[in-house]
Structures are given as C-alpha cells and as structure tokens.
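So the chains spell out like this:
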Amino acid sequence: MPRYNFRESEAKWQSAWEKEAAFSAIESPEKQKYYVLEMFPYPSGRIHMGHLRCYTLGDVIARYKRARGFNVLHPMGWDAFGLPAENAAMEQGIHPAEWTYKNISTMRNQLKAMGLSIDWTREIATCDPKYYQHEQTMFLDFMEQNLIYREEGWVNWDPVDHTVLANEQVIDGKGWRSGALIERRRLSQWFCRITSYNDNLLKKLDHLHRWPKKVRTMQENWIGRSEGAYIEFKFTETSRKNPLKVYTTRPDTIFGASFCAIAADHPITEELAKKNTEIEEFVEECRQLGTSEEAIQTAEKKGIDTGLRVKHPFLDKDLPVYTANFVLMGYGTGAIFGCPAHDQRDLDFALTYRLPVIPVVVPPDENADKFTITNEAYIGEGRLENSEFLDGLDVEKAKRAIIERLELEKKGKGTTNYRLRDWLISRQRYWGCPIPIVHCEDCGLVPVPRDQLPVILPDDIDFSGHGNPLDRHETWKNVKCPKCKKAAQRDTDTFDTFIDSSWYFARFCSPDSKVPVDPKAAQYWLPVDQYIGGIEHAILHLLYSRFFMRAMQQSGHIEIDEPFSGLFTQGMVNHATFRDSGGNWVEPQNVIHTNENKIERADTGLPVEIGRVEKMSKSKKNTVDPTDVIEHYGADTARWFILSDSPPDRDMEWTNAGIEGAFRYINRVARIIDDRLPLIGIPKTTKPKEFSTTALELRQITHKTIAGVTGDYENFHFNKSVARLYELTNAISSVDLDNLEHDISWAIRESLETLVRLLSPMTPHLAEDMWQKLGHKTLLTNMDWPNAEEKLITDDKVTLAIQVGGKLRGTINVEAGINKKSAEELAHSMPNVQASIGKRKVRKVIFVPDKLVNFVV
RNA sequence: GCGGGCGUGGUGAAACUGGUAAACACGCGGGACUUAAAAUCCCGUGCCGUAACUGGCUUGUGGGUUCGAGUCCCACCGCCCGCACCA
C-alpha cells in the first residue's frame, strides 16, 4: 500500500490555500504583475483532457511566477453562450440557461479538484447580463466610432427547418437535422469594421515576439496583404457602359490573358441568371456549395460561358467572360482575368474549357521558343516574352511597368488589397447577447437608449418551432420605437460568441466594475503576459481579440492595443481507439486483456482490435474522464503525467501505463522523504564547512537541477523538467544511508527540500505535504524560488568526442578549457584513432573547444 | 483547393546557435525480497553481426551542402490544425 494518502492530502491543502486566500490577486503598484490566462472553457458538461492539460500548463506557470515574486493574476470564467445549449434545449427540452449553469457548476468542481491556483473571486460567465450588458454598451460605442455597419451577408439556409445553419451544421451540402439541401441566402446583418485595422493588425504582429512564429505567419497570411492592380476590361456589347473591373496580383501576365471570370454571385452573373436558365441553374448549383470557403475551393472547377465578351486592354482581341465557381465574390472585385500559363487554377479551368494557354514568363534558364506549359502552371521568376512593351523585363519590373501604363491610359490602377473581410457578428440564435437595436418603419435603425440598457434575454422561450425563438417571442420582440414611440421591433439576432471571448481577459481585471473595464485595474494587469490555448484558435479568436482591444482603445475604454504579449499553443490529447469485431467503437475502460493475451470487450466478450491513436472524441469513444483519473490517482498524478513525456506544444497520448507510472513516482517521492526524515535532522541546521565527494556530488546535481528546471519553466519545457527531477530523485535515492556523516545528511536535506520546491508548481499538494513533513510551518505556496549556486553548476571536466573523418572513434575526459594542441596530441595517441587513420594522411584537424577533435583524412 | 505545422528505438521522447543520436520515462527480459502475489529494490535493453571486445547500420523517403546533418537546402510521402456561423 502506498503510504502517501493523496485523498486526504489534496483535500487538506486545497482548503488550506482557500482559507488563506492564497491566490486572490490584489493590485499592488509596487509589485511587478504577471497575468497568466488559459483560454476559458465552453461549459459543455464535463471537463475533458484538453482542459486538464491546458489548465495544468497555466497553473505551473502561475505558481512558478508567484514563487519568483510576481503579483500573479490567474482567473477563470465561462464562455457560456453558444449552440450546444440550444441543441440541448431542442433535444432534451431543458432551458439553455439551466443547462449551462448546471454544467458550470459541475465543471467548477472538477477544476477545483485539480488544485489550480485560481482567484475564484473573479469568476465570470458570459451569459450573465452583468457581463454581456457591457457588450451592448460597447456595440453602441463602436457604432459611434463608425466601426459597426449593416449590410447583406450570406448565410446557410435550411429550407425544411426554416433556419440558418452554422457551417459545421452543413454536412456534404445538407442540413445536419433535416438532411435538406441547403442554400446560400442573403440576409441583412451587422458587421464589425475589422478591416479598418488591417494594416495595423499586420504590422503589430512583428512586436509579438513571444508568440509562436507559426501563429504570426498564419495571421499574416489570413490578413493577406497583396500588392496588385485593378484592371478594367471594356465590354464588346456597347450597351454595357461600365467596364468589367478585375483585381489581380499578377498584372504582368496581362498579355497571357485568355479569359475573364466572375463569381457566381457577382452582380452581372445575377443579372444574366434572370434571363438565361443555364446560368440560373449554375448559380443555383454554386449556392448549394454553402458559405464555407473550403467547400467552394475544393469543388471541381466549373464555369459557364456567359456569352459576354470583353476587349483586351492592350491587344486587339476579345476575351470570353465566364462565370466560375472558384472566383470568390468576397475577395478583390469578384472578377479575375485568367492567365492559364501562370496560375494553376486558371490552367485547370482552361484545360477543361479548351481555352488558349499563352506563356508570357519564361524561366531564367529556359529558351523562349522551347518553353511550353502542359499541365503545370509556371509561377516562378523569369523574364517577360510575348508581352509587347514588357518583353525582357523581370516579373517585378514588369509589374511596375504595366501599372504605370494602366494608370497612364486610365485602364486600371495599382492597389493594395487585403484578404481579410469584415467580421459578421449577427447570429440568428437565442442563446447569445441581444443586439441593442430597434427596427422602426419610420426611423430606421434606432439604438436602444443607454439608460434602457441592458436588453436582457427573455427566459420564457419556445424551442418547438422553426428558427430563432427570439423572432417568435411577440412580447419581447414588439416594442415601441425609442424615437417616435410607434410600434417597432427589436433586432432578434444575437452576437457572435466570438464577441464574448474578445474582451473577457480585460473584464477579469475588474469583474464587478460598472463600466466594461476599470481603467486603473486594466492599466495595471493588461496585457495578459502568458496566454495559453489550442492552436485551433490561432487565427479567429486571437485576431478578433486584437481587433476588439483596438476598438475599445478607439472608443476610450482602455489604453492598450495588444491583448496578449505572450502566447503558448498546446497540443491535443490523443488516445488509442478500439473497435470490436462488429465494427463498433469501444470505450477504453471496456477493453480487457485476457490471460491468453487476447483483447476483448468486458461486457460482450467480442474480440477487440486496437486502432489508431486519435484525438479524444465522443464519437470514437476514446475519451478518458479527468475526474475519474483524479478520483483514482489524485490530481498531482494527473498533473505529473500530463506534464511528463510529451512537450506541451505537441500532441500527447494518454495511456494507462503512463498514469500508473506517474502514480508510482508520486508515491516514490513520499516514500523517499519518509524514509530519510529520521536521518536528516531539523530545518536550518548549520551548513558544514567541508563536503565529502558524495555530498558534493549530490549538491552539484541538486544545484544543476535548480538551474535546469528554472530554465525549462521559463521555456515551457516541462517534460524536460520532469526528466531532470527524475534524475535528481534517482541521485538522492542512490546515496547510501548507512553511517551518515553530518555533511551528507545536510546535503540530503538540501536536495530533498529542493526537490519539493521544484516539484511544487507541478504537484502542489504533494509538495506542500512533504514541505510540512520536512518540518516547515509555513505554506510552501508562499515560499520563494530556490537559487542555484554558481560554483556548483559548472564542470571542471569535460568529455571530448574524438572523430576520424567525421566518425566517432572514442572519447576522452579532460580539463575544461583544454587547448587545441594538447587535445590533439592526446587524441592522436589513442590506439583506436591510430588504427582508424592507418596509412592515410591527416589533412586537417578540426577542434571545437570542450566538444570534439576531428581528424580529416 | 489555399494557409500553417509535425514525422527520431517496441512506446512517449531528449539532443542549446550544425559537433558523442537515443538523456529521462514507459514497456519488456533477468535477478533480489516473499510461502506466494502485489509493492519495492538491483541489473540489462536502438537494430544487425559476434563467444566477447572491436565492428557495421540507424532520426518518414530520395537527393544536396559540409571535416561533420536529427538540425541547413531541394523534391516527395504520410499525418494533424485552420479556412471566417463549432468553441
């Protein structure tokens, strides 16, 4: 039986921390602050392993920074609005609010059992009117700053359920519940003008040096700044006065143009569709691709000749105008010219519709006469050919020359374009923050007066009908116009839940403030020093938050622009999958290994096959409930396992063997300390003047571990800290306990106390318990971080690798700092080196100080 | 389709700016303790050859740069994340 009682210990220390309010954060201007935040959870029902991992990582940082003397803010809240609550309402007849608050209460208890160093007094839930009322205020503020506008946007429409669907509710072009073919529909909706900050959002990425490079690159590409040109093509049909305006990033390839293409939802296409059934059908077909860019771009490239022709701006030739499914209305002008030789999509399209392929850029090492394009477009550098006045120029120069000519002849214009689109924030849903606008027939869009805020979600709703229940809630919906007092209607849409998560980190600074954020508190705590969450939020959530801070700054709520100065993206938690012979997924706890070394289902006895290791998901039944693990092994074991082995930014595999191993280690630490307690005296005994080799060696590894673990904590290399702590533990337990001299017992106490202190951010309950056992009266949680003694962490001996021709032929132990000549002599005299060199001549000797000697032969 | 990432023993991984590949752990094998089992402790463990030391090979695949490549460059393969209404 393990001697350490984790159940007793974890409960004891959690209540001790609570009693001392050890983790409540108070603004103290004289202390340096550190704000640690993990992305707050959606209250889906129970916490999952992804949460356990994320919150463990954050807690290690929070506890470590606290020990380093920082004034740490580490809060928790709930991203409580969203679709699943409405689904639960429809499927189980439970009210979204009830469902959500029940989940919050379960998950709060689960998180508390993890022993997180969280200031629970700052807890917020976004579905609480005390929180979302401020979003309504800020919406009106942003409106005054011209950051909000109303326009038509596309939605996925389910014609059977009469409801708007989220992209994830559209499966293979069909509604997930009704199975009906969905279609794109236009709806008048609210937008945030995020594009007014596109350049700033892009440029400031350079300052976020504590963000992963990959996230910055992804945001950069998402904003998608491009230098290009608008080019106008005149229609041959004289009745069409307005030219076709296209956007291109490759104006240099204009002489290779063989067609133009416009989006299926381009105004011209829509106009033509009214009189041409073929085009109408095509447009209809494109609408069934839904609104997601992924669906549109993975579809087979298709188009229809509209019959319209345009004139090439510089050549005496006409180009056909197609309407095509790969041209996006939301990017550029919704119209392109196609140059098949130098764009893969254009080439694929041209090959399908037998359009000419005219190479105009020739690779540097190719001959213009012989250069042809078959089924791969050439997008690289080169010089222009077949291009009149551009001939001979390279791509960059040609771009500049053509833009100059376009502008001179008033046929186009150089321009900077962004891929980023404005943020559509209206959702046709109940469980979200109401939009504080009244629609009046006479006065138009009327903001709800500020003294009438907040607009509170009604509780009495009916989910049995189609669409948004708010839209059918007559008493809530029908109000008097605040301006003219005539009958009017509330906006029945609610905010995108990304709004809720775009400023919650700021609210944590002053969760009870009457205004969205208390400027003094925000000034002290923001920005978040370390933000932690999944890579899946690399673009949208993080970009929206960056925008929101700017909008809040512009409307005077706050003085910062970047919300997160440090970001860490953790990997997913995976688990093996199991399937029985009937092809059904089987839960891990239902899989048993029989005595005959077979694997079968515990319930039915059917044989089971082990499948791939995949992200934990309910559908594949390969989940493990963190709470089960905590009940069985304790929070420290769960935390230790989740930190060991895999680097936190990479995916990890949850295994039973791993958790068992972690459990053994926790108990081993307790046992090792227990066994040595009678031998090591009381705390703070006099430090011996001299140390024996054994004691010195233990002290050296102890102090090297302090230095190593400290560096690892700073760099999120917790798996390496774990390895180092194993090494320290091994070193401690290998010291012979017979006839202990004072210097050794002193060194053992030092190493044990160090071990416990270094462990405390990762396994806080065990550490606190052991700290007490080691004779200390105060909480370890309030102790500062140990310091490594410089003298003890530098080696005076090093091992040199000796190579011949780059191959290892031996190693030698030498004094650190040995010079080239002596190292070379020593190495050269080694028999193995002699044999390897043989009769060959040594051409050169490479010497890397304190690393290696390499004889080049 | 577009953008971003990852790939090292049986397994999770380590290897700082190019310098001893496999630290640490899991698993496995052997041993000690035990009436026995569990727990614990000790030893071994990349692969191939070998009686043994020595040796040869090895970081998804193929090429390149270098005295030297897991690390840098090019091409390919596989897997994962995001694509604007999941959160």
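Model, not experiment: these values are computed from the prediction. (Residues numbered from 1 in each chain as written. Chains lettered and ligands numbered in written order. Predicted model: local features only at pLDDT ≥ 70, side-chain atom pairs only at ≥ 80, totals over all residues. Heavy atoms only, no water.)

Counting residues in hydrophobic clusters, the biggest one holds 170 residues, and the most contacted among them are Tyr35, Tyr504, Phe505, Leu526 and Trp654. When sequence neighbours within four positions are dropped, the list of residues in contact with Phe505 reads Tyr35, Leu37, Leu526, Val528, Ser545, Met549, Pro563 and Phe564. Ranked by size, the runner-up nonpolar core spans 44 residues in total, among them Ile231, Phe233, Ile279 and Phe371. (Core = buried A, V, L, I, M, F, W, Y, C linked by side-chain atoms within 4.5 Å. Buried < 20%, exposed > 50% of the residue type's maximum accessible area, 1.4 Å probe, protein only. Contact = heavy atoms within 4.5 Å.)

Moving on: the protein's contact with RNA strand B. Lining the immediate environment of RNA strand B, one finds 67 residues, of which Asp79, Asn167, Arg429, Lys720 and Asn854 sit closest. The separation between a phosphate oxygen of RNA strand B and a polar side-chain atom of Asn730 is 2.9 Å. In terms of residue count, the dominant contributor to the surface near RNA strand B is helix H22 (residues 718–733) (6 residues). Partitioning the surface near RNA strand B into residue classes produces 25 nonpolar, 20 polar and 22 charged. (Near = heavy atom within 4 Å. Polar contact = N/O pair within 3.5 Å; in protein donor to acceptor, adjacent residues only side chain to side chain. Helix = DSSP H or I, 4+ residues; strand = E, 2+ residues; numbered from the N terminus. Nonpolar A, V, L, I, M, F, W, Y, C, P; charged D, E, K, R; others polar.)

What follows is about the pairing of strand E36 (residues 852–856). Regular strands place their side chains on alternate faces of the sheet. Most of E36 is tucked away: 5 of the 5 residues are buried. Across the two faces of E36 the burial is the same, with Leu852, Asn854 and Val856 and Val853 and Phe855 all buried. Where strand E33 (residues 797–804) meets E36, 4 bridges bridge the pair, whose relative direction is parallel. Bridging from a neighbouring strand, Ile802 pairs with Val853 of E36. A loop of 3 residues connects strand E35 (residues 844–848) with E36, the two strands running antiparallel in sequence, and Asp850 in this loop sits at a positive phi of about 60°. (Pairing = 2+ DSSP bridges.)

Right, let's talk about the packing of aromatic side chains for a bit. In the structure shown here, the tally under the stated rule is 48 aromatic pairs. Taking 6.5 Å as the distance between ring centres and 70° as the angle between the ring planes, the aromatic pair formed by Trp423 and Phe548 counts as edge-to-face. Of this pair, Trp423 sits in strand E19 (residues 423–424) while Phe548 sits in helix H17 (residues 540–554), and the two are 125 residues apart along the sequence. For the pair shown, Trp423 and Phe548 are each scored as buried. Ring centres of Phe568 and Phe716 lie 4.0 Å apart, and the angle between their planes is 5°; this geometry places the pair in the stacked category. Of this pair, Phe568 sits in strand E27 (residues 567–570) while Phe716 sits in the loop between helix H21 (693–714) and H22; the two residues are 148 residues apart in sequence, bridging distant segments of the chain. When sorted by exposure, Phe568 lands in the same class as Phe716, which is buried. Feature note: the residues Phe142, Tyr197, Trp423, Phe498, Tyr544, Phe547 and Phe548 constitute an aromatic cluster, connected by ring pairs. (Phe/Tyr/Trp six-rings, centres within 6.5 Å; stacked < 30°, edge-to-face > 60°.)

Between Leu453 and the following residue, Pro454, the backbone shows a cis peptide bond with an omega angle of 0°. In this structure, Pro454 sits in the loop between strand E22 (444–447) and helix H13 (474–477). In this model, Leu526 is joined to Pro527 through a cis peptide bond whose omega is 0°. Within the secondary structure layout, Pro527 lies in the loop between helix H16 (519–525) and strand E26 (530–534). For His162, which is not a glycine, the phi torsion comes out positive at approximately 50°. Positive phi values are uncommon outside glycine, yet Lys621 reaches one of about 55°. Here Lys621 shows up in the loop between strand E31 (608–615) and helix H18 (626–633). Lys621 sits in the partly exposed class, given a relative accessible area of 36%.

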